[in-house]
Amino acid sequence: MPVPVMENGKSIMDSTTYGRMAADCSSHEELCYTGLEQTLRTDMYAPTAEVRKLLTLFPNTHLNLTYLAQNTIVIQVNHGETFTIQSEDGSYRSYRGPADVPMTSHNGIIPTIYAPPGYISQVIETNGERRVVVLHENHSNTFNRNQNNDAIAPATYQHRPVQPLLASVNQVLPGSSEEQLAYVQRPLFASKDCNVYDSIRDWLGAVCKPQVKTVEARTVFVCWDPLPHMNESFQINQTNIVYKLCLGDIKNGPCNFSDIYCGKELERMITDLRPATNYCLRLQALYLKNSGEFSQVTEFRTLSCRPDTPTPPKVASRNKNSLLLKWMTPNDNGEKIFLYHLEWDGGNSGSAFTLLYHGHQKQYKVVRLKPSQEYKFRLAGENKIGISEWSTAVKFHTQDSVPSRPEAPRLTKAMVNSLTLDWKKSGSNVTGYTLEKYDESNDYGFMPEFDGLDTKCIVKDLVRSSHYRFRLCAYNKEGCSKWSDIVSFVTCPDVPSPPTKPFVVGKVHSKFCKISWDTPHDDGGSPVNNYIVEMSQEKNKPMDVVYTGLNKECLLDELHPGHPYRVRVFCVTLGGRSLPSDVLSLTTSPVVPGACNPPMLAMRPKATCINIKWKSPLYTGGANVTSYDVRCIPTNEMGSREPSISYSGKDTEALVSNLKPGTKYSFSLRALNCVGAGEWSEWLEVVSSASAPDKPDVPCAVCVDSTTARLSWMNTLDNGSPISGYEINWGSVESSLTPYFTESVTSYTIHGLTPNTLYYFTLQAVNKAGKSVVSDVGQVITPHDVPHMVTNVKVVNVDAAFNISWDEPQNNGSIITSYNLYLKHEDSNEEVINVDGETKEYIVNDFIPDTTYRITVSARNEIGESLLSQPIVYQTNPTRPEPPTLTCVQYSATSLKLNWGEKSNKTVSYLLQIRDKHGRFITIYHGSSCNYRINRLAENTSYKFRINATNKEGPGPFSIEYSFTTTILCPGTMESPNVNNITSTTCEISWSACDVTKGDDIKYRLCLEDGSTTKVMMYSQYCCLLDYLEPTTKYKVRVAAVRVISDESMLVGPYSVVTSFQTPTHSSDDTNQLSESPFKQTNYSPHVAAESTEFHINSKPEFVSDERMPVILLAFYVISAILLAFIAQFAFIE
């Protein structure tokens, strides 16, 4: 679709205009930047800031537009790129490369390329193909001529703000047409002679060499300066610059560098260096994929340090009393090692190391050692810097003597193919034992059999019943001991093979038989000294020994006829007992079976038949039972005739029929097998049972009243067993009747019936044989009666009344005409209220509040009145309570305790309110208690209160306002006074000031006691000077605060703790101390402060001071406790 391009309202070019854009990178393909915004504009577009910026970065970049014909342009789209054209209506069309997009020009004019300042566009013709190239001014001469040296005038630069035609690669940006720019993934203005990358490399190569700040033995701290900022036209992001630091060590040859750091930081701590070594550093700067030249090399040398950890010492030679140790020189790390330290543990395992040698030699001989003793050593080297780390501890042993001759080995256990030998240890210096064996069956001599430290050996792979000789020697690192004495041992014989299978000699009789067997094929190396015969009757039962001896035949007697037997044989040698032979199975001849047990009843005897059963005889004679015979005869006929066979067959149960009811019979049986019949069993006596009675007639029913009926009937036949009782089935539903049992009578009375109800009944006779057939069904109807008792009486509170309701009872055949309602409370007689029979509720309006009523209801019909219902107790609601009287039971300066009753009631709650300074009442208490304390009140202040009570009915009215006033606050207890500048006749007394409360004045009362006289003085200040004291006299002083109220009344607080002091003897310094008193300096006269003075003369002297009183009391309590303990102990002893 053509895309018109507008300029001043005229169409200049559309989408069929042809051209060709080639964006070629230079030979450095990897230097093409993918993050730069690049925009291409043709003759009707002005260059953008992005294009100018790009051309500034790449001065050698040129734009190649190929004109295939006079009016065609082909836009070349590279592989992996997308060319997008925006049409006039705002839609887009994309072309994905590789592709050539042709565009057509209407007039065939070559479009003018607008270049930014510092760039020009030139037209070059080669082989008939013209190209427009955008170049920097410094490179314009390269393209001033065509192939024929024809000069081509450069295109002029014009800037016209025209609506651009946008071409984008890879994506189209959202927004308006002015905001949509073209992006490419590599520079459009790169060529082979481009030197932009050289400029960047030159800038990156200007990096300064690294600077070494701190050098240690194994570490060095390096820093470097950042690259200077590049020209602003490049707009390089300094945060993307990466620095690569390389390290090399200087040896005999050239320095080989290795990369140790690559990052954006400007400093680095290099670790893991070798001490006293020359190193060199160089730095390289990287920006994206560009790298600059390396900086100048910085050389440094690490410091020296203490030597490396030496290798452990080694043993050069040793004997029983000495060890010669040698060691290698460790790395000295720049300073020569002048001393070695050798430590050992002295041969004591687990003890601390002690110094054994220190010197410059690299070997040391340790002498005066114990033989075969383990010693532990470690080594360290020392130079001027310090001592190295200790080497790994190593262990060495001194030589030992050859072990002594061991004792001969002993036989512990002898087996068929092995011998277990052990021996005693021959010393602590033994490191192993060698056991040799001599086999007499060959001529190899003694051969090694065991070599190790164990004192036990199992010699295997031996021949049974063979002799072997052994000898033993001990060895250690120093050599072998002498051989022990030679001992000889014999292996055990092997277990023999089992004998042959036994066989029967002659005929197997019913109670005995004779068997025989042959010797085993292999006797195990020793002759047979015994044979064992075992026999059992059952297959899985253990066998019993029936014969032991050297004979190869035996007689098996005391056998049971017709029983199977299993027989096997063992042989016994010195090697042990053989496996059993194959089992011989035989069976003895059978005989007639034995007598059976008496038969038993299989079930309860019946009137005309008896079912009996029996068990097989205990002894069948050795053959299976083929059949049984049962004979039967009445017991009373025994002896008069022979019993008859009533059953013959294989079963163990039989039914004998055609018997008489209630008759005693005798039964016996016998078993038969293939040999013949056995004996008869004992007799079983059984009595046949009687039958149930005959069907009775329908009973006669008579109603005594509405709830009682009487049945009567005639006796029926008992069929051989007396009738024990009758079963009467009675009920109002014929399909579900209730049984009633009675004795052998002919009448029965049934109570608790419902009036005016149809009842059904039947009768059955019962004896020991069972129940008879049920008689025919009879019927009877009960007469009418008074109604049933009223149920489900309910009481519901309705406003100012309560409603009583109930359910209608059964009328028992007569309609209910009325109800009687009975109301009764504690203070009145029972009230009867008549209610119509169609109404089943009643509203009581006139009642007494807070009263308990007892309510019952009865129903009435033509027959009479029913029983009273279950009584219902109902408590009427009380009226709203009156407010209680409010009184104050306890006053204080900050609280008031109010009371409004004597006993709390949980059904009544109280609401107490106080009036605030704004005249509003605020709730301070709500609960069922009858008192409450209000705290945090102001002193000497009147407060107004009111109260009301609430019960189930709701809150009652508030009381009148009550006013209560708090008391005046008394001053608190003061701290004990301080006494200073004590002389023989004067002293200074001071105390802490008391806070003034509510603007009232505070005075202080000072009490002075000398043991016999008390003097009280009043002061306005908190200090005073007391004079005219007696020398060498003990005084006690205390102070109390006095609050002076506005009406000139005073409140005296409690006295402080007593302060005691004693005046010294009279001296000349008292005058000087008095002149230095603070009262003299301030011209203050204590006598003016004293307002009143009181003297109290004690009638008795004070013998006990306050300090002695606690001691006296403690002594009194201790003595009393001791006396009480003695008294209690004496009483317990008595």
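Residues numbered from 1 in each chain as written. Predicted model: local features only at pLDDT ≥ 70, side-chain atom pairs only at ≥ 80, totals over all residues. Heavy atoms only, no water.

(A) Structural detail: the overall build of the chain. When its secondary structure is counted, the chain shows six helices and 81 strands. A burial count over the chain gives 40% of its 1134 residues as buried. Sequence separation of 24 or more characterises 64% of the internal contacts of the chain that already satisfy a separation of 6 or more. (Helix = DSSP H or I, 4+ residues; strand = E, 2+ residues; numbered from the N terminus. Buried < 20%, exposed > 50% of the residue type's maximum accessible area, 1.4 Å probe, protein only. Contact = heavy atoms within 4.5 Å.)

(B) Unusual backbone geometry, seen in detail. Phi is positive for Asn 792, close to 55°, though the residue is something other than glycine. Residue Asn 792 is classed as partly exposed on the basis of its relative accessible area, which comes to 39%. For Arg 936, which is not glycine, the phi torsion reads 60° and is therefore positive. With respect to the element layout, Arg 936 can be found in the loop between strand E69 (931-934) and strand E70 (942-951). According to the relative accessible area criterion, Arg 936 is exposed, its value standing at 84%.

(C) Quick peek at the packing of aromatic side chains. A full pass over the atoms with the stated rule returns 34 aromatic pairs. With 5.9 Å between their ring centres and 45° between their planes, Trp 900 and Tyr 925 make a pair best called tilted. Of this pair, Trp 900 sits in the loop between strand E66 (896-899) and strand E67 (909-915) while Tyr 925 sits in strand E68 (residues 921-927), and the two are 25 residues apart along the sequence. Its relative accessible area of 5% is what places Trp 900 among the buried residues. (Phe/Tyr/Trp six-rings, centres within 6.5 Å; stacked < 30°, edge-to-face > 60°.)

(D) Region of the structure containing the side chain of Thr 491. Position of Thr 491 among the secondary structure elements: in the loop between strand E34 (487-490) and strand E35 (503-505). A polar side-chain atom of Thr 491 sits 2.9 Å from the main-chain amide nitrogen of Ser 466. Here Thr 491 is in contact with Met 415, Val 416, Leu 419, Leu 462, Val 463, Arg 464, Ser 465, Ser 466 and Tyr 468, once residues within four sequence places are set aside. (Polar contact = N/O pair within 3.5 Å; in protein donor to acceptor, adjacent residues only side chain to side chain.)

(E) Broad picture of the pairing of strand E45 (residues 627-634). Within E45, eight of the eight residues are buried, leaving the element largely enclosed by the surrounding structure. Of the two faces of E45, the one lined by Ser 627, Asp 629, Arg 631 and Ile 633 and the one lined by Tyr 628, Val 630, Cys 632 and Pro 634 are each fully buried. With eight bridges joining them, E45 and strand E48 (residues 664-672) adopt antiparallel strand pairing. Note that in E48 the partner of Arg 631 across the bridge is Ser 668. Pairing analysis gives five bridges linking E45 to strand E46 (residues 644-649), with the strands arranged antiparallel. Bridged to Val 630 within E46 is Tyr 647. (Pairing = 2+ DSSP bridges.)

(F) Layout of the sheet that holds strand E47 (residues 653-656). Strand order in the open sheet formed by three strands is E43-E44-E47, and the pairing between neighbours is antiparallel. Lying at the two open borders of the sheet, with one neighbouring strand each, are strand E43 (600-601) and E47. Strand direction decides the pairing type here: strand E44 (residues 610-613) and E47, joined by four bridges, are antiparallel. Paired with Ile 612 across the bridge in E47 is Ala 654.

(G) View of the nonpolar core. Ranked by size, the top nonpolar core spans 23 residues in total, and within it Leu 227, Tyr 243 and Ile 270 carry the most contacts. For this core, the elements supplying multiple residues, two or more each, are helix H2 (196-204), strand E13 (220-223), strand E14 (241-249) and strand E17 (278-287). Considering every element that reaches this core, the biggest residue donor is E17, with five residues. Setting aside residues no more than four positions away along its own chain, Leu 227 makes contact with Trp 203, Leu 204, Ala 206, Val 207, Gln 238, Ile 241, Tyr 243 and Ala 285. (Core = buried A, V, L, I, M, F, W, Y, C linked by side-chain atoms within 4.5 Å.)

(H) Here's a closer look at the pattern of salt bridges. By the definition in use, this model includes 22 salt bridges. Salt-bridge contacts for Glu 637 lead to Arg 641; the nearest nitrogen and oxygen are separated by 2.7 Å. On the basis of relative accessible area, Arg 641 is assigned to the partly exposed category, the value being 40%. Close ionic contact of Asp 776 with Lys 695 constitutes a salt bridge, the shortest N to O distance being 3.2 Å. (Salt bridge = Lys/Arg side-chain N within 4 Å of Asp/Glu carboxyl O.)

(I) Region of the structure containing the sheet that holds strand E77 (residues 1023-1026). The three strands lie next to each other as E73-E74-E77, forming an open sheet whose pairing is antiparallel. On the outer flanks of this sheet lie strand E73 (978-980) and E77, each paired with one strand and no other. For this sheet, the mean angle separating the axes of adjacent strands, direction not counted, is 25°. Bridging between strand E74 (residues 987-990) and E77 involves four bridges; their strand directions are antiparallel. Bridging from a neighbouring strand, Ser 990 pairs with Cys 1023 of E77. (Axes fitted to C-alpha atoms, helices over the stretch in contact; angles between N-to-C directions.)

(J) Region of interest: the confidence of the model for the chain. When pLDDT is averaged along the chain, the result is 79, and 78% of the positions lie at 70 or above. Of all the helices and strands in the chain, strand E3 (residues 21-22) carries the lowest mean pLDDT, 31, while E13 carries the highest, 95. Between residues 1-70, whose pLDDT stays under 50, and residues either more than four places distant or in other chains, the model counts 251 contacts. Contacts of residues 140-194 to residues separated by more than four positions or lying in other chains number 150 contacts, the stretch itself having pLDDT below 50. (pLDDT = per-residue confidence, 0-100.)

(K) Geometry of the environment of Val 508. Looking at where Val 508 falls in the secondary structure, it is placed in the loop between E35 and strand E36 (513-516). Sequence separation between Val 508 and Leu 586 is 78 residues; the distance between their C-alpha atoms is 7.9 Å. Those residues in contact with Val 508 that sit more than four places away from it in its chain are Cys 513, Leu 586, Thr 587, Thr 588 and Ser 589.

(L) View of the side chain of Asn 383. Mapped onto the elements of the fold, Asn 383 is located in the loop between strand E25 (374-382) and strand E26 (394-397). By relative accessible area, Asn 383 is classed as buried at 2%. One polar contact links the side chain of Asn 383 to the main-chain carbonyl oxygen of Asp 332, over a distance of 3.1 Å. A distance of 3.5 Å separates the side chain of Asn 383 from the backbone oxygen of Glu 335, its partner in a polar contact.

(M) Here's a closer look at a nonpolar patch on the surface. A cluster of nonpolar side chains, contributed by Met 1109, Ile 1112, Leu 1113, Phe 1116 and Tyr 1117, occupies part of the molecular surface with about 510 Å² of accessible area. The residue Leu 1113 is located in helix H6 (residues 1108-1133) in this model. Judged by relative accessible area, Leu 1113 falls into the partly exposed class, the value being 39%. (Patch = residues over 30% accessible without salt bridge, like charges linked within 9 Å, V, L, I, M, F, W, Y side chains within 5 Å. Areas by Shrake-Rupley, 256 points an atom, 1.4 Å probe, with all protein chains shown as cover.)

(N) Up close: the environment of Asn 331. Structurally, the position occupied by Asn 331 is in the loop between strand E21 (323-326) and strand E22 (339-344). Residue class for Asn 331 comes out partly exposed when judged on its relative accessible area of 43%. Distance in space between the C-alpha atoms of Asn 331 and Thr 309 is 8.2 Å, their sequence separation being 22 residues. Discounting chain neighbours no more than four positions away, the residues touching Asn 331 are Pro 307 and Asp 308. Side chain to side chain, Asn 331 and Asn 333 meet in a polar contact 3.3 Å long.

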